[in-house]
Amino acid sequence: MLKTVFFTLLWIASALAQPAASSKPPSVRFDIGALDKSADPCVDFYQFACGGWLKANPIPSDQARWGRFDELMDRNRETLHAILEEAAKPSAGRDSVTRQIGDYYAACMDEKGLDARGLASLEPDLARIRDLKDKAALAGLVARLHRIGVDVLFQFSSGQDFKDSGEVIAQADQGGIGLPDRDYYLKDDPKSAELRDKYVVHMQRMMQLLGEKPERAKADAAAIMRLETELAKGSLDLVSRRDPEKQYHRLGAKDFAALSPSFAWSQYYAAVGAPEFQSLNAVWPDFFKALDTQLRATSLEDWRAYLTWHLVHAQARILPAAFVSENFDYFGKTLTGAKEIRPRWKRCVDFTDAELGEALGRKFAERTFGKQGKERTLAMVQAIEKSLGEDIQQLSWMSPATKQQAAIKLQAIANKIGYPDTWRDYSSITIKRDDPLGNDLRANEFDFQRWMNKIGKPVDRAEWQMTPPTVNAYYDPQMNNINFPAGILQPPFFDNDLDDAVNFGGVGMVIGHELTHGFDDQGRQFDAVGNLKDWWTEADAKEFETRATCLADEYSKFSVAPGANVNGRLTLGENTADNGGVRVALMALETVLANRQRPEIGGFTPEQRFFLAYGQIWCENEREEAARLSVQTNPHSPARFRVNGVVQNMPEFQKAFSCKAGQPMTPVNSCRVW
Ligand SMILES: [Zn+2]
């Protein structure tokens with residue numbers, strides 16, 4: 001389980017996308033040969049930087065998207081694969097960490113055994129649902145399902161209090177739907193209606209695989225759809241969820257319970273394993289009112305169908321083959337456009353990373369990331385922090401008072417690089433070599449309890465929300481820290497053999513991006529210690545909003561398919577981070593280059609290579625289905641616009657490539673926040 005509220009990533013591997021599957025190990029490096037020199041960089045810089053790569057790298061059939069991030073993920077996965085194959089060999093010499101990841105992986109790989117075992121490990125929970133006798137017993141059952149990772153009715157976890165980041169409190173949030181976002185239930189265009197129809201058919205088929213008769217399965221699927229639609233209507237939309245004020249409602253336990261009086265909350269808290277607490281954050285209180293209406297209106301029979309569907313849906317990836325295939329048919333093929341499922345070993349590597357991530361990641365870090373890697377990255381982080389500090393001080397639109405507060409916040413950002421200092425101990429999870437499904441349920445339960453145990457305890461600032469092999473990075477506004485897993489600190493992001501210009505355009509931009517998140521439309525509302533607290537003068541906040549609106553309008557004009565435009569407000573934080581990140585990375589590069597020889601390499605100046613490296617990390621082909629899914633749910637802009645959207649706003653780019661005023665990459669109205 002990830003932190004559910006604020007947590008800003010560098011990019012998002014859509015939860016539904018199917019990562020990685022080329023047969024040859026890719027050469028994952030900055031590549032002048034991948035340019036399209038027939039394109040004019042001042043007309044379409046993305047095409048110029050990526051055209052050759054895009055042509056040479058069609059999307060593999062088991063992928064929804066294929067880009068340079070995926071290439072690197074593929075390479076990391078090869079390393080993990082080697083670690084796991086070795087760990088899976090039963091030998092007396094295996095240490096306990098090796099044994100756990102090895103046995104988890106071996107069980108997952110045993111597809112025949114899994115098919116033979118059928119639903120045996122799920123049966124006790126299926127029986128609990130069948131035996132649900134009255135609505136009063138629902139709370140205990142929901143608690144059990146939450147503990148094993150099934151998203152029903154609502155979500156329950158813990159998190160830092162928004163206004164007192166040193167305190168960890170319980171948190172209840174909207175949830176309980178099967179489609180990727182509430183809008184999928186509510187939009188009335190033909191495409192959305194078609195996806196809904198197919199979703200209902202998918203649910204029906206899953207219920208039939210469980211043994212229901214077709215007529216009954218059809219009626220159940222319709223009832224589930226009705227219920228989920230009501231939950232979706234009660235949910236807050238994604239753009240509003242970017243506003244921290246809308247997500248903070250600290251209520252006494254009694255006041256919270258009064259929102260859904262039909263649910264036995266004390267019974268739930270006891271069964272879910274939460275310590276006693278007096279108050280909690282009800283992220284979106286209206287949702288719990290809508291939930292109460294459904295608790296009263298929905299029949300026991302429909303609740304049983306709904307819970308059964310979600311239990312099977314949550315575990316579908318690790319059920320017998322017929323379930324896996326039906327699940328892929330909808331959530332892979334229909335929603336993302338992937339043509340075939342990934343090879344089993346790739347899926348099992350990813351599941352091990354998801355369930356026992358710091359045990360596997362520990363072995364990964366030992367193999368790939370030395371002390372040197374940590375020091376080198378830290379030096380770059382410090383250089384870019386210095387540039388951001390200077391950038392803020394030079395801003396024409398911000399008053400000295402706000403600048404001073406911004407400097408305090410920047411100073412306080414903690415840097416976490418590579419992997420955690422102490423590794424999570426999974427030894428209490430029983431991993432059996434012949435029970436992949438049971439392993440998954442027990443690992444989910446361990447993770448859920450971990451979040452429960454935090455309630456009322458001091459914040460653990462050393463903890464990571466990403467595993468070491470992850471090709472991503474994040475800024476956490478409540479911790480006020482930036483995090484760079486070992487998995488991304490490699491080519492094409494960081495390449496020891498290449499010039500500074502390329503590395504600042506790669507990992508330098510990633511660092512600048514995460515730092516800027518502390519000052520985007522969302523991050524700027526949190527102070528140096530991670531509290532939701534306004535440190536801006538009114539006039540400066542207004543100036544910020546004007547500039548942010550310019551960016552939102554710019555990106556809203558970008559389109560990926562007919563009727564599918566980028567949502568400038570949903571992506572505002574990420575676009576702000578991209579624009580600021582590239583700017584401060586370039587500033588840091590100029591500092592390094594000052595008083596040095598500036599030879600052209602491969603026919604390009606250092607500034608040109610900087611922009612090309614930035615462009616190239618985003619080279620990506622994407623299927624239309626996946627692109628449509630992405631603009632609706634992903635807070636990041638599509639790759640092409642992450643590149644062209646930024647360079648259009650940079651006079652430094654126009655100078656580097658000698659673009660003329662009025663060309664597409666040199667628009668008359670450009671935007672700048674940071
Ligand atoms: Zn980001």
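Residues numbered from 1 in each chain as written. Predicted model: local features only at pLDDT ≥ 70, side-chain atom pairs only at ≥ 80, totals over all residues. Heavy atoms only, no water.

### Description of the nonpolar core
Inclusion rule: What we call a nonpolar core is a set of buried Ala, Val, Leu, Ile, Met, Phe, Trp, Tyr and Cys residues that are connected through their side-chain atoms within 4.5 Å. Relative accessibility under 20% of the residue-type maximum defines a buried residue, over 50% an exposed one, and the middle range a partly exposed one, all with a 1.4 Å probe and only protein chains included. It only takes one pair of heavy atoms within 4.5 Å for two residues to be counted as in contact.
In this structure, Phe45, Leu153, Phe154, Phe156, Tyr268 and Phe611 are the most contacted members of the largest nonpolar core, which totals 192 residues. Here Phe611 is in contact with Phe45, Val582, Leu586, Val647, Met650, Glu652, Phe653, Ala656 and Phe657, once residues within four sequence places are set aside.

### Re the side chain of Thr666
So the rule is basically this: A run of H or I in DSSP counts as a helix once it spans at least four residues, and a run of E counts as a strand once it spans at least two, with each numbered from the N terminus. Under the rule applied, a polar contact is a pair of N or O atoms within 3.5 Å (in protein, one hydrogen donor and one hydrogen acceptor; residues adjacent in sequence only if both atoms are side-chain atoms).
Tracing the chain through its elements places Thr666 in the segment after α26 (651-656). Looking at Thr666, its side chain comes within polar contact range of the main-chain oxygen of Lys660, at 3.4 Å.

### What to know about helix α8 (residues 190-209)
As a reminder of what qualifies: For a helix, the expected span equals 1.5 Å multiplied by the number of residues minus one.
Here α8 contains 20 residues, and its C-alpha end-to-end distance of 29 Å stays within 8% of the 28 Å for a straight helix at 1.5 Å per residue. Along α8, the residues classified as buried are Ser192, Leu195, Arg196, Tyr199, His202, Met203, Gln204, Met206 and Met207. Check the buried side of α8 and you find it contacts α7 (183-186), α9 (214-233), α13 (300-315) and α14 (321-336). Backbone geometry just downstream of α8 places Gly211 in the positive-phi region, at approximately 110°.

### Describing the pattern of salt bridges
Our working rule: One speaks of a salt bridge when a side-chain nitrogen belonging to Lys or Arg is within 4 Å of a carboxyl oxygen belonging to Asp or Glu.
A full pass over the atoms with the stated rule returns 55 salt bridges. The salt bridge involving Arg130 is made with Glu123; its shortest N-O contact spans 2.4 Å. Take Glu123: its relative accessible area is 32%, and that puts it in the partly exposed class. With its nearest N and O atoms 2.5 Å apart, the salt bridge here joins Asp125 to Arg128. One end of the pair, Asp125, and the other, Arg128, are both in helix α5 (residues 123-130), three residues apart, so they sit about a helical turn from each other. The exposure class of Asp125 is buried, given its relative accessible area of 2%. Judged by its relative accessible area of 41%, Arg128 falls in the partly exposed class. Here the salt bridges do not stand alone but share partners, grouping Glu358, Arg424, Asp447, Arg450, Lys454 and Glu463 into one network.

### Quick notes on the environment of Ala585
The residue Ala585 is located in helix α22 (residues 572-593) in this model. In this structure Ala585 comes out as buried when scored by relative accessible area, which is 0%. Considered as a pair, Ala585 and Asp434 are 151 residues apart in the sequence and their alpha carbons are 50 Å apart. Look past the residues within four positions of Ala585 in its chain and what remains in contact with it is Phe504, Gly508, Met509 and Phe610.

### Observations concerning the packing of aromatic side chains
A ring pair, where both rings are aromatic, is described by two values, the distance of the centres and the angle of the planes. For clarity, the cut-off: Stacked, edge-to-face and tilted are the three classes for Phe, Tyr and Trp ring pairs, Trp counted by its six-membered ring, which pair at centre distances within 6.5 Å; planes under 30 degrees apart are stacked, over 60 edge-to-face, the rest tilted. By the criterion adopted, a ring carries a charge over it if an Arg CZ or a Lys NZ lies within 6 Å of its centre and within 35 degrees of its normal.
A full pass over the atoms with the stated rule returns 47 aromatic pairs. Measuring from ring centre to ring centre gives 5.8 Å for Tyr199 and Tyr330, while their planes differ by 40°; the resulting arrangement is tilted. Note that Tyr199 is positioned in helix α8 and Tyr330 in helix α14, a separation of 131 residues in sequence. Residue class for Tyr199 comes out buried when judged on its relative accessible area of 0%. Among the residues examined, Tyr330 registers a relative accessible area of 2% and is labelled buried. Members of the aromatic cluster, joined through ring pairs, are Phe154, Phe156, Phe256, Phe263, Trp265, Tyr268, Tyr269, Phe277, Phe287 and Phe288. Above the ring of Phe351, the side-chain terminus of Arg317 is found at 4.1 Å from the ring centroid. If you follow Arg524 out to its NZ or CZ, it ends over the ring of Phe544, 4.7 Å from the centre.

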